[in-house]
Amino acid sequence: MCGIVGAVNCKNLKSFLLKGLKSLDYRGYDSAGVAYIENDVINMHRVVGRVELLENELSGPINSRIGIGHTRWATHGEPLIKNCHPQKSFHETFTLVHNGVIENYLELKRDLIKKGYAFTSDTDTEVIANVIDKEYENTHDVLLSINNALKIIDGSLAIAMIFKNDKEHLYFAKRKSPLLIGIGTDTNYLASDALPMIKVAHKFIDLSDDQYGYISKDDVKIFKDQKECAYKYTTRNAELLNIDLNGYPHYMLKEIEEIPACMSRLIDNYYDGKEFKFSKEMLKAFKDADTISFIACGTSYHASLIGKYYFEKINKRANVYIASEWAYFPKFESKGKEVFVMVSQSGETADVISCMKLIKKHGNDTLTITNTKGSTLERDATYSCLLYAGVEIAVASTKAYNAQVALLYLLTNAIVENTSSIGLLKNNNIVLKQVISMKKDIKKIANKIKDSSHAFFLGRGLDYYVALEGSLKLKEITYIHSEAFPGGELKHGPLALVEKGTPVFGFITNKCIEAAIRGNFSEVKARKGTVYSFVTKENAKKGDDIVIDDLDVDLAPLAIVMIAQYLAYYTALARNNDIDKPRNLAKSVTVE
Ligand code: M6R
């Protein structure tokens, strides 16, 4: 949530800030703003809405080499100009952008007001600026003021900050929200992820919680509790450079159609033609484990449900927990060895990070499955497996879900040394490409349901897990209310919601549930609901809407979900929605 950029001694500052913010605006798009020092004055431009509006506002040249920028996903205060970032402190000593949530901001604000501070916004960000400002009034030392402020402030923050009209230094602090430094040539950068810096920085420094400091044109100083910290340089995947639409009208469509290539890339990364390439130590940890517990949110939670099924198939006990629940009600197995698997496309989901902290404290091994090299969850886990799906820009996750499922399939097969699974996964790609060739038929269904207010998804077994994901995709980008149920549950309540014309999508990829789910279709039709069935050939009957070739039942989710992804995409298109940036959402959910 929220994107941050900053640079010192940047010759093309305007272009860096605007391009950087554009590359980050999938993290939040309620407002955008920049601040920079020009002729010894801090100039600030802020707009409610997208970075494109800010671009219009900044039409002239900027004579500055130091600046910060922000895209906002509103938490405290409506998206109004006064609440946009950057925010200035009361004495205008500090101008800062912030990502995160300050838990005690009301208390701090009350305190500051008593001490004569006035506020111009409803944000918790302005409170941070003023806490640092107040400390500075006493200490006249910027670094000490940040250090002291961190002791007073509770919550998550990543900040990039300009001090008065100091053109040489950009200050920062980080706790719980992601922030990293990019090292360029005679220019240093700050950002909330590597994307805006990938073309200009040749190495990175990942900041840890409670670190603060500054960057200058050729120096980086990092502190924690007033002690200087040593740091290591890291790199990022060059694949981050591939963020062009390549002729597609939307990232979501591009990302769905990249799925077959993602599957092949995963195989290449985890199988060398003879044996699996997973870390031997990690495989041993899984072999020795009595229980595997997944922790994830949203789409990654849905992929984890399939992961649980794969682990159970190799006779491992498995649990799946929603991170935001487990974080408040943590549960550890009392007997045997329990390995936790954190599944997160971004690797920065705050709820999952909270769980990771508790698990580490408890001493269990963790595996992070993520698409983001260098992310917090990747760095903090005992083991990590990258998805190699390439950057996913659309807020609605598609290719990352498929990569998560495929990776879990490969991992569980690697544990039992079943290399024949590779052939099955390769063959599966033929069906995935078949789904792409059927997109026009899916579009026709989307056009039929585009005006619906409600929709339901039914499945049984693995198909139910895919129904959950299909339903999330539909509601997320079309704003049609949608729910998913195991077929058998329909008559226990949800059937009451089915009316004339209500679209009900049903999946059948396993012979053993065909009759049962067709029974559910009949129940829907008897209430005049409209059933759309997506099935494999061996389960097909006259009148089914989309029929795909037969495939291994364990891999069917990879194909069936693509039908649901297309369905959501084309329905959102027919409703004229902003497909890649659905309302109220953000790609990387870095607040709890
Ligand atoms: O980055 P993560 O995989 O941890 O994100 C979890 C969810 O926020 C995410 O999957 C969300 O549900 C997607 N926008 C769904 O398309």
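Even after reading the chapter, I still don't get the site of the ligand, so can you show me in this structure?
Lining the immediate environment of the ligand, one finds 15 residues, of which Ser-300, Ser-344, Ser-346, Thr-349 and Glu-476 sit closest. Within the side chain of Ser-346, one N or O atom sits 2.6 Å away from an oxygen atom of the ligand. A distance of 2.4 Å separates an oxygen atom of the ligand from a polar atom in the side chain of Thr-349. Computed on the free molecule, the ligand has an accessible area of 410 Å², of which 91% lies beneath the protein chains in the complex. Those elements that place two or more of their residues in the shell around the ligand are α9 (298-313) and α16 (462-478). Among the residues forming the shell around the ligand, the class breakdown is five nonpolar, eight polar and two charged.

Sorry, what's going on with the environment of Leu-386 here?
Following the sequence through the fold, Leu-386 ends up in strand β19 (residues 383-386). Leu-386 sits 177 residues away from Ile-563 along the chain, and the two C-alpha atoms are 25 Å apart. With residues up to four places along the chain from it excluded, the contact list for Leu-386 reads Asn-237, Leu-266, Tyr-270, Thr-370, Asn-371, Thr-372, Lys-373, Glu-378 and Leu-407.

I would appreciate a short explanation of the nonpolar core in the present structure.
Within soluble globular proteins, side chains that are nonpolar tend to cluster in buried spots. The biggest cluster of nonpolar side chains holds 102 residues, and the ones touching the most others in it are Phe-278, Phe-286, Phe-311 and Ile-548. The greatest single-element share of this core, amounting to 14 residues, is contributed by helix α18 (residues 556-574). Leaving out residues up to four positions away in the same chain, Ile-548 has contacts with Val-431, Gln-434, Val-435, Met-438, Val-535, Thr-536, Lys-537, Ala-559, Ile-560 and Ile-563. Core analysis: the second largest hydrophobic core is formed by 29 residues, Leu-96, Phe-119, Phe-163 and Phe-223 among them.

Can you walk me through the packing of aromatic side chains in this structure?
Aromatic ring pairs are described here by two measures, namely the spacing of the ring centres and the angle between the planes. Scanning all chains against the criterion turns up 29 aromatic pairs. Seen in terms of ring centroids, Tyr-270 and Tyr-388 are 6.0 Å apart; in terms of plane orientation they differ by 55°. Their pairing is tilted. Taken together, the residues Tyr-270 in helix α7 (residues 259-270) and Tyr-388 in the loop between β19 and α13 (399-415) connect sequence positions 118 residues apart. Since its relative accessible area comes to 7%, Tyr-270 is described here as buried. On the accessibility criterion, Tyr-388 (22% relative accessible area) is partly exposed. Measuring from centroid to centroid gives 6.3 Å for Phe-276 and Phe-278, while their planes differ by 35°, and the two rings are tilted.

In this structure, what is going on with empty space enclosed by the protein? I would like to understand it.
It is a probe the size of a water molecule, rolled over the atoms, that shows where empty space is left. With the rule as written, the count across this model stands at three cavities of 30 Å³ or more. A volume near 60 Å³ is recorded for the second largest cavity. Within the lining of the second largest cavity, the residues separate by chemical class into two nonpolar, seven polar and two charged.

Hey, could you run me through the packing of α13 against helix α14 (residues 420-437) in this one?
When two helices pack together, their arrangement is captured by the angle between the axes and the distance separating the axes. Between α13 and α14, the least distance of the axes is 9 Å, while the angle of their chain directions is 160°. Taken together, α13 and α14 sit at an angle that is classed as roughly antiparallel. Relative to α14, α13 is oriented so that their crossing is right-handed. Facing Ala-406, Tyr-409, Leu-410 and Asn-413 of α13, the residues of α14 in contact are Ser-421, Ile-422, Leu-424 and Leu-425. For the contact of α13 with α14, the per-class residue count stands at six nonpolar, two polar and no charged.

Explain the side chain of Ser-421 here, please?
Position of Ser-421 among the secondary structure elements: in helix α14. Sequence-distant contacts of Ser-421, defined by excluding residues within four places in its chain, comprise Phe-276, Tyr-409 and Asn-413.

Looking at this model, I keep getting lost on the pattern of salt bridges. Mind explaining?
Using the criterion set out here, one finds 33 salt bridges in the structure. Notably, a salt bridge pairs Lys-331 with Glu-333, separated by 3.6 Å at the nearest N-O pair. For Lys-331, a relative accessible area of 41% translates into the label partly exposed. Between Asp-365 and Lys-337 there is a salt bridge whose closest N-O contact spans 4.0 Å. Of the two residues, Asp-365 sits in the loop between α11 (350-362) and β18 (366-370) while Lys-337 sits in the loop between α10 (323-326) and β17 (338-344), which places them 28 residues apart along the sequence. Residue class for Lys-337 comes out partly exposed when judged on its relative accessible area of 31%.

I'm lost on the sheet that holds strand β1 (residues 3-8) in this one. Help?
The strands making up a sheet associate through backbone hydrogen bonding, with each pair oriented either parallel or antiparallel. The strand order across the open sheet built from seven strands is β3-β2-β4-β1-β10-β9-β11, with neighbouring strands paired in antiparallel fashion. Among the strands making up the open sheet, the edge pair consists of β3 (41-48) and β11 (203-206). Each adjacent strand pair in this sheet contributes to an overall mean axis angle of 15°, direction not counted. Where strand β2 (residues 31-38) lies against β3, eight bridges are found, and the strand directions are antiparallel. Directly across from Ala-32, in β3, lies its bridge partner Val-47. Packing against the sheet, helix α1 (residues 13-24) makes contact with β1, β2, β4 (67-72) and β10 (188-191), and its axis sits at approximately 160° to β1.

Even after reading the chapter, I still don't get α13, so can you show me in this structure?
Because an α-helix completes one turn every 3.6 residues, residues spaced three or four positions apart along the sequence face the same direction. Taking 1.5 Å per residue as the helical rise, α13 with its 17 residues ought to reach 24 Å, and the 24 Å between its terminal C-alpha atoms agrees with that figure. Burial analysis of α13 places 17 of its 17 residues in the buried class, the great majority of the element. Remark: Glu-417 follows α13 within two positions and exhibits a positive phi of approximately 55°.

Help me understand the sheet that holds strand β6 (residues 94-99), please; the structure alone is not making it clear to me.
On the basis of which strands lie adjacent, the open sheet formed by seven strands has the order β5-β6-β7-β8-β12-β13-β14 and antiparallel pairing. Either end of the sheet is taken by a strand with one partner, and the two such strands are β5 (87-88) and β14 (227-228). Sheet strands touched by helix α4 (residues 124-139): β5, β6 and β7 (157-163). Its angle to β6, the strand with the most contacts, is close to 140°. The strands that helix α5 (residues 142-152) touches are β6, β7, β8 (170-175), β12 (211-215) and β13 (220-224); relative to β8, the one it contacts most, it runs at about 20°.

Is there a simple way to explain the state of the cysteines in this structure?
Where two cysteines share a covalent bond between their sulfur atoms, that bond is called a disulfide. Under the criterion given, the structure shown has zero disulfides. Take Cys-385: it sits in no disulfide, and the sulfur closest to it among the cysteines is that of Cys-262, at 16 Å. The exposure class assigned to Cys-385 is buried, which follows from its relative accessible area of 2%.

How should the packing of α16 against α18 be read in this particular structure?
With their axes 9 Å apart at the nearest point, α16 and α18 run at an angle of 20° to one another. Classed by the angle they form, the pair α16 and α18 counts as roughly parallel. Relative to α18, the crossing made by α16 is right-handed. Here Leu-462, Val-466, Glu-469, Gly-470, Lys-473, Leu-474, Ile-477 and Thr-478 of α16 come into contact with α18, specifically with Pro-557, Ile-560, Val-561, Ala-564, Gln-565, Leu-567, Ala-568, Tyr-569, Thr-571 and Ala-572.

About the cut-offs
- Residue positions are given per chain, counting from 1 as you read along its sequence in written order.
- Residues qualify for local features only when their pLDDT is at least 70, as the model is predicted, and side-chain atom pairs are given and counted only at 80 or more; totals for whole chains, interfaces and linings, by contrast, use all residues.
- Based on all heavy atoms of the structure, the side-chain values leave hydrogens and waters out of the count.
- For each residue, the test is whether any non-hydrogen atom lies within 4 Å of the molecule or strand; if one does, the residue is near.
- For the purposes of these results, a polar contact is taken to be a pair of N or O atoms within 3.5 Å, where, inside protein, one atom must be able to donate a hydrogen and its partner to accept one; residues adjacent in sequence count only when each atom of the pair is a side-chain atom.
- With residues, only the protein chains shown are counted as cover, and all accessible areas are computed by Shrake-Rupley using a 1.4 Å probe.
- Note on conventions: DSSP H or I runs of at least 4 residues are helices, E runs of at least 2 residues are strands, and numbering of each starts at the N terminus.
- Just so you know the grouping, Ala, Val, Leu, Ile, Met, Phe, Trp, Tyr, Cys and Pro go in nonpolar, Asp, Glu, Lys and Arg go in charged, and all remaining residues, Gly too, go in polar.
- Contact criterion: two residues are considered in contact whenever any of their non-hydrogen atoms come within 4.5 Å of each other.
- The set of buried Ala, Val, Leu, Ile, Met, Phe, Trp, Tyr and Cys residues whose side-chain atoms join them within 4.5 Å is what this entry labels a nonpolar core.
- When accessible area is computed with a 1.4 Å probe and restricted to protein chains, residues below 20% of their type maximum are described as buried, those above 50% as exposed, and intermediate ones as partly exposed.
- What counts as a ring pair is set by centres within 6.5 Å for rings of Phe, Tyr and Trp (its six-membered ring), and what kind of pair is set by the plane angle: stacked under 30 degrees, edge-to-face over 60, tilted for all other angles.
- Definitions used for this entry: grid spacing 1 Å over protein atoms alone; cavity, a set of points where a 1.4 Å probe fits but cannot get out; pocket, an open set with protein on both sides within 12 Å along at least 5 of 7 lines; lining residue, one with an atom within 4 Å of a point.
- Grid points are joined across faces, edges and corners, and a volume is the space filled by probe spheres set on the points.
- Interaxial angle, 0 to 180 degrees, is taken between N-to-C directions of lines fitted to C-alpha atoms, where a helix line uses only the stretch in contact.
- Should an angle fall under 35 degrees it is taken as roughly parallel, and over 145 as roughly antiparallel, whereas 65 to 115 is taken as roughly perpendicular and any remaining angle as oblique.
- Helix crossings get a hand from a simple test, with the near helix turned counterclockwise from the far one by less than a right angle marking a left-handed crossing and a clockwise turn marking a right-handed one.
- When a carboxyl oxygen of Asp or Glu is within 4 Å of a side-chain nitrogen of Lys or Arg, the pair counts as a salt bridge.
- If DSSP finds at least two bridges between two strands, the strands pair.
- To estimate how far a helix should extend, the number of its residues minus one is multiplied by 1.5 Å.
- Note on terminology: pairs of cysteine sulfur atoms within 2.5 Å are recorded as disulfides.

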